[in-house]
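Working through the structure, step by step
Each chain, letter by letter, is given below.
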Amino acid sequence: MNRKKMAIWGGLLLFAVFVAWTALSIPDHPEPVPESERKPVEMTYGQNTIREEAGGKLLWELTTASTAMDVKSQATRFTDAKGKYYFPDGKELTLTAPSGNYDSKTKNVKLSGGVTAVMSDGTKLTCKELEWVSGKDLLVATGDARVEQPGMRLEAERIEGWDEFKAFRATGKVHFVQEKDKKGEKAK
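Residues numbered from 1 in each chain as written. Predicted model: local features only at pLDDT ≥ 70, side-chain atom pairs only at ≥ 80, totals over all residues. Heavy atoms only, no water.

A few words now on the overall build of the chain. Secondary structure summary: the chain contains one helix and twelve strands in total. Counting helices and strands in the order they occur from the N terminus, the chain gives α-β-β-β-β-β-β-β-β-β-β-β-β. Computed over C-alpha atoms, the radius of gyration of the chain comes to 31 Å, more than 25% over the 16 Å expected from 2.2 N^0.38 for 188 residues, which places it beyond the range of a compact globule. When the backbone C-alpha atoms are referred to their principal axes, the chain occupies close to 130 × 40 × 25 Å. Of all 188 residues assigned to the chain, the portion counted as buried reaches 26%. Looking at the chain alone, contacts between residues at least 24 apart form 28% of all its contacts between residues at least 6 apart. Accessible area of the chain: about 13,000 Å², with a carbon and sulfur share of 56%. Of the side-chain charges in the chain, 29 are positive and 27 negative, and the distance between the mean point of each set is 4 Å. (Helix = DSSP H or I, 4+ residues; strand = E, 2+ residues; numbered from the N terminus. Rg over C-alpha atoms; globule rule 2.2 N^0.38 Å. Buried < 20%, exposed > 50% of the residue type's maximum accessible area, 1.4 Å probe, protein only. Contact = heavy atoms within 4.5 Å. Areas by Shrake-Rupley, 256 points an atom, 1.4 Å probe, with all protein chains shown as cover. Lys, Arg positive; Asp, Glu negative; His and termini not counted. Charge placed at Lys NZ, Arg CZ, Asp CG, Glu CD.)

As C-alpha cells, then:
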C-alpha cells in the first residue's frame, strides 16, 4: 500500500474512533423526578405586607419579618406576623404571632406559635393557633384558647368568634368566669 492509501485509511480510522468516542460519551438523559419527590421552588422575601381589599376598602393586612411562597401552589409561609383586621363599624383587631401561613385559594390565614389578638374595645384573645376563615368571617382559636373582656373570662380548647368578635362558641374543657362588681352583683 502506498502512503496515500495508508493516510486515507488512517484518517478514516481516526474519524471512526472520534465518532464512536463522541457517541459513547454523550450522557444519558436523567430519569424525570416524580412530582411527589420534587422540591418546591420558593420565592423568599424579607419584610413583606399582604392585604385584602373589597370594593376599594381595606379588610385586613398582615406584615411579616420574612415570607416564603411556593411558586407553583402559591402557598405562603411567614414569620413574626403582625396583622390588623378592620371591621365595618371602625373597630380594629390587632394580631401578633411568631409564624403562620396564607392559603391563596381560600384566602384563609393561619397564625401559630402563640397568638395574641386584641380588639380596639379591649377584648383580648390568646391561643396556640388562630385561623381566619375568610368565606365565613370566622376566627377559630385552638390550643389553650382564652378570651377576656371587662368582667368576663372564657377558656377552652377551641373558641370560635364571629359577628365582629361579639359572639363566641367554646368547646372542649370550657371554663367561664363572670366577675361581680363591688356591690356583689354580676357584671353585665
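On inspection of all chains with the given rule, the structure shows 13 salt bridges. Glu129 serves as the salt-bridge partner of Lys110, at 3.5 Å between the closest nitrogen and oxygen. Of this pair, Lys110 sits in strand S7 (residues 108–119) while Glu129 sits in strand S8 (residues 124–133), and the two are 19 residues apart along the sequence. For Lys110, a relative accessible area of 31% corresponds to the partly exposed category. Exposure remark for Glu129: the relative accessible area of 30% places this residue in the partly exposed category. Taking the shortest distance from any N to any O, the salt bridge between Lys173 and Glu157 comes out at 3.9 Å. (Salt bridge = Lys/Arg side-chain N within 4 Å of Asp/Glu carboxyl O.)

Note that every value here comes from positions in space, so none of it alone points to a role or purpose.
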